[in-house]
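Below are the chains, spelled out letter by letter.
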Amino acid sequence: MALDRFGRNIHYLRISLTDHCNLRCVYCMPEDMIFRPNAELMQDDEILRLVQLFVNLGFDKFRLTGGEPTVRAHVVDLVRELAHIPGVRSLSMTTNGVLLGRLARPLAEAGLQRLNISLDTLDAEKFRRLTRWGTLEDVWQGILSAEQAGLRPIKLNAVVVRGYNEADVVDLARLTLEHNWQVRFIEMMPFAGATDLQVKQTVTAEEMLQRIQAQLGEVEIANGGELDGEARLYRLKDAKGEIGFISSVTAPFCAACTRARLTADGRLRLCLLREGEVDLLTPLRAGATLDDLRQLILDGIWWKPWGHGLAEGVIPLNRVMSEIGG
Ligand code: SAM
Ligand code: SF4
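Residues numbered from 1 in each chain as written. Chains lettered and ligands numbered in written order. Predicted model: local features only at pLDDT ≥ 70, side-chain atom pairs only at ≥ 80, totals over all residues. Heavy atoms only, no water.

Chemist: Describe the nonpolar core, and please don't skip the residues or the numbers.
Modeler: Ranked by internal contacts, the top residues of the largest apolar core, which has 78 residues, are Phe 59, Phe 62, Phe 185 and Leu 268. Discounting chain neighbours no more than four positions away, the residues touching Phe 185 are Ala 158, Val 160, Val 169, Leu 172, Ala 173, Met 208, Ile 212, Ile 243, Gly 244, Phe 245 and Ile 246. Val 159, Leu 273, Met 321 and Ile 324 belong to the second largest nonpolar core, which has 31 residues in total. (Core = buried A, V, L, I, M, F, W, Y, C linked by side-chain atoms within 4.5 Å. Buried < 20%, exposed > 50% of the residue type's maximum accessible area, 1.4 Å probe, protein only. Contact = heavy atoms within 4.5 Å.)

This is the structure:
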């Protein structure tokens, strides 16, 4: 078991498979983003060795993210190998959905269990403005393909940005009336790359909820008031699905945090919103023993920060979001 000094049992690893992406969302990275050369990223065998090590330390829940994980070469084969590691109890992915039309079924057949798909608006023009390069129809088809492939429950993630899509929370929430989906609204967080926008144009979960209730009526608390991962869940009257709020900025869930992150270049990141990292890939490539690596991970986790410092103005600037994986 990997415990931190506050007694939290850390057993959930989010792995960024690549920093590359086929979109350029305004809240995530600049349009002229320069990515790392492939040689600096973890190779398949390195990811598999590190995951085995984390499993040995009690990790059982893994989420593949990015950048955009589906643009990684041979991602289906990698998912198959990961799914076959004994001890990998939960294997999921966060994706922008663009390539799911052709990848949802192969990923499901390879052993992927669930998907979170990012969708910030149902308006095609706003979608293009937010993602800079994306086409809404591709993502919509991707969502339907994921559902048909059995990658359920479908969870949709919307980052809400003032001046772009703050009014769109209503149409997105309305989806839950007809679909048994979880539509989750995320408060925008500040990282390097687009800090100005991220600081000035954040919309609070409270404001999103008020907008939704003003248009669609009162919501009731769902899931017995328990957090689902990081989301607080509600249900609109007679809705098939649920809406959720991830209020990382205004009401962080640090006390219940069980996660660590592996960046695309093989650094163990202990808190999404703190710069501290432990390099695992360099020692792995230099021939470190499994015991050495194990000790590096355990020491890193022990010193996992309690929580972020956004309220004190501490913004992590050593990486853009796409390198860490969200
Ligand atoms: N490319 C995939 C996607 O967009 O779903 C996976 C990687 S993306 C970095 C993971 C999640 O982080 C997405 O739901 C995305 O919307 C969210 N995200 C990106 N930048 C963010 C920011 N500044 N604040 C909050 N969430 C952000
Ligand atoms: Fe790419 Fe996801 Fe970042 Fe958008 S949020 S630019 S899809 S990594």
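Still more ground to cover, so stick around.
Chemist: Could you give an account of the sheet that holds strand β2 (residues 61–65), with specific residues and numbers?
Modeler: Neighbouring strands of a sheet are bound in pairs by backbone hydrogen bonds; such pairs are parallel or else antiparallel. Read from one edge to the other, the open sheet built from twelve strands follows the order β7-β8-β9-β6-β5-β4-β3-β2-β1-β10-β11-β12, with strand pairing classed as mixed. Of all strands in the sheet, those bounded by a partner on one side alone are β7 (219–221) and β12 (277–279). Pairwise comparison of adjacent strand axes, ignoring direction, gives a mean angle of 25 degrees for this sheet. Judged from the three bridges that link them, β7 and strand β8 (residues 232–236) form a sheet pairing that is antiparallel. Paired with Ile 221 across the bridge in β8 is Tyr 234. Most of the contacts of helix α6 (residues 169–178) go to strand β6 (residues 182–187), to which it runs at about 155 degrees, and overall it touches β5 (155–160), β6, β8 and β9 (242–246). (Pairing = 2+ DSSP bridges. Helix = DSSP H or I, 4+ residues; strand = E, 2+ residues; numbered from the N terminus. Axes fitted to C-alpha atoms, helices over the stretch in contact; angles between N-to-C directions.)

Chemist: Now, about the site of ligand 1: what can you tell me, with residues and values included?
Modeler: Surrounding ligand 1, one finds 19 residues, the nearest of these being Tyr 27, Gly 67, Glu 68, Ser 118 and Met 189. Residue Gly 67 places a main-chain N or O atom 2.9 Å away from a nitrogen atom belonging to ligand 1. Separating an oxygen atom of ligand 1 from a backbone N or O atom of Thr 95 is a distance of 3.2 Å. Out of a free accessible area of 540 Å², ligand 1 has 95% covered by protein chains. Tallied by class, the residues present in the shell around ligand 1 amount to seven nonpolar, ten polar and two charged. (Near = heavy atom within 4 Å. Polar contact = N/O pair within 3.5 Å; in protein donor to acceptor, adjacent residues only side chain to side chain. Areas by Shrake-Rupley, 256 points an atom, 1.4 Å probe, with all protein chains shown as cover. Nonpolar A, V, L, I, M, F, W, Y, C, P; charged D, E, K, R; others polar.)

Chemist: Can you lay out the packing of helix α1 (residues 44–56) against helix α2 (residues 75–83) for me, pointing to particular residues and giving the numbers?
Modeler: The contact between α1 and α2 brings their axes to 11 Å, and the two run at 20 degrees. With respect to each other, α1 and α2 are oriented roughly parallel. Of the two possible hands of crossing, α1 and α2 adopt the one that is right-handed. Contact with α1, carried on its side by Asp 44, Ile 47, Leu 48 and Val 51, involves Leu 78, Glu 81 and Leu 82 of α2 and no other residues of that element. Of the residues assigned to the contact of α1 with α2, the class counts are five nonpolar, no polar and two charged. (Parallel < 35°, antiparallel > 145°, perpendicular 65-115°, else oblique. Left-handed = near helix turned anticlockwise from the far one by under 90°.)

Chemist: Please provide a residue-by-residue account of the state of the cysteines, values included.
Modeler: Per the counting criterion, the structure on display carries zero disulfides. Here Cys 254 stays unpaired: no disulfide links it, and the sulfur of Cys 271, its closest cysteine neighbor, is 6.3 Å away. (Disulfide = S-S within 2.5 Å.)

Chemist: Can you tell me about the environment of Ala 104, naming the residues and giving the values?
Modeler: Within the element layout of this structure, Ala 104 appears in helix α3 (residues 100–110). Linking Ala 104 and Glu 312, residues 208 residues apart in sequence, is a C-alpha distance of 42 Å. When neighbours within four sequence positions are excluded, Ala 104 is seen to be in contact with Ser 145, Ala 146, Ala 149 and Leu 151.

Chemist: Describe the site of ligand 2, with residues and values.
Modeler: Around ligand 2, the surrounding shell consists of Cys 21, Leu 23, Arg 24, Cys 25, Tyr 27, Cys 28, Met 29, Gly 67 and Asn 96. Considering only residue class, the shell around ligand 2 consists of six nonpolar, two polar and one charged.

Chemist: How would you sum up the pattern of salt bridges? Please name residues and give values.
Modeler: With the rule as written, the count across this model stands at 18 salt bridges. The salt bridge partner of Glu 40 is Arg 36, with a shortest N-O separation of 3.2 Å. Among the ionic contacts, a cluster of salt bridges with common partners joins Arg 36, Glu 40, Asp 265, Arg 267 and Asp 279. (Salt bridge = Lys/Arg side-chain N within 4 Å of Asp/Glu carboxyl O.)

Chemist: Quick one: what's the story with the packing of aromatic side chains, residue by residue and with numbers?
Modeler: Considering all chains together, one arrives at five aromatic pairs under this definition. With centroids separated by 5.1 Å and ring planes inclined at 70 degrees, the aromatic side chains of Phe 6 and Trp 306 adopt a geometry described as edge-to-face. Of the two residues, Phe 6 is situated in the segment before β1 (12–16) and Trp 306 in the loop between α10 (290–302) and α11 (321–324); the sequence distance between them amounts to 300 residues. Residue class for Phe 6 comes out partly exposed when judged on its relative accessible area of 39%. Among the residues examined, Trp 306 registers a relative accessible area of 42% and is labelled partly exposed. (Phe/Tyr/Trp six-rings, centres within 6.5 Å; stacked < 30°, edge-to-face > 60°.)

Chemist: Lay out the side chain of Arg 184 in plain terms, naming residues and giving numbers.
Modeler: For Arg 184, the location among the structural elements is in strand β6. The side chain of Arg 184 is buried and forms no salt bridge, while Glu 230, the nearest opposite charge, is found at 4.1 Å. Here Asn 157 takes part through its side chain, which lies 2.8 Å from a polar atom of the side chain of Arg 184. When residues no more than four places from it in sequence are discounted, the contact partners of Arg 184 are Asn 116, Lys 155, Leu 156, Asn 157, Ala 158, Asp 228, Glu 230, Ala 231, Gly 244 and Ile 246. (Lys, Arg positive; Asp, Glu negative; His and termini not counted.)

Chemist: Provide a residue-level description of unusual backbone geometry, including the pertinent values.
Modeler: A negative phi angle characterises most non-glycine residues, just as the trans form characterises most peptide bonds. With an omega dihedral of 0 degrees, the bond running from Arg 152 to Pro 153 counts as a cis peptide bond. Tracing the chain through its elements places Pro 153 in the loop between α5 (136–148) and β5. Unusually for a residue other than glycine, Arg 132 sits at a positive phi of about 65 degrees. In this structure, Arg 132 sits in the loop between α4 (124–131) and α5.

Chemist: Give a detailed account of the pairing of β9, specifying residues and quantitative values.
Modeler: The element β9 is extensively covered by neighbouring structure, given that five of its five residues are classed as buried. Judged by which residues are buried, β9 turns out to be covered on both faces: Glu 242, Gly 244 and Ile 246 on one side and Ile 243 and Phe 245 on the other are all buried. Pairing analysis gives five bridges linking β6 to β9, with the strands arranged parallel. Each residue of the ladder has a partner; that of Phe 185, found in β9, is Phe 245. Examined bridge by bridge, β8 and β9 share three bridges and lie antiparallel to one another. Residue pairing for β9: Leu 233 is matched across the bridge by Gly 244. Once β8 ends, the chain turns through five residues before running back antiparallel as β9, passing Asp 238 with a positive phi of about 60 degrees.

Distances and angles like these do not, on their own, reveal function.
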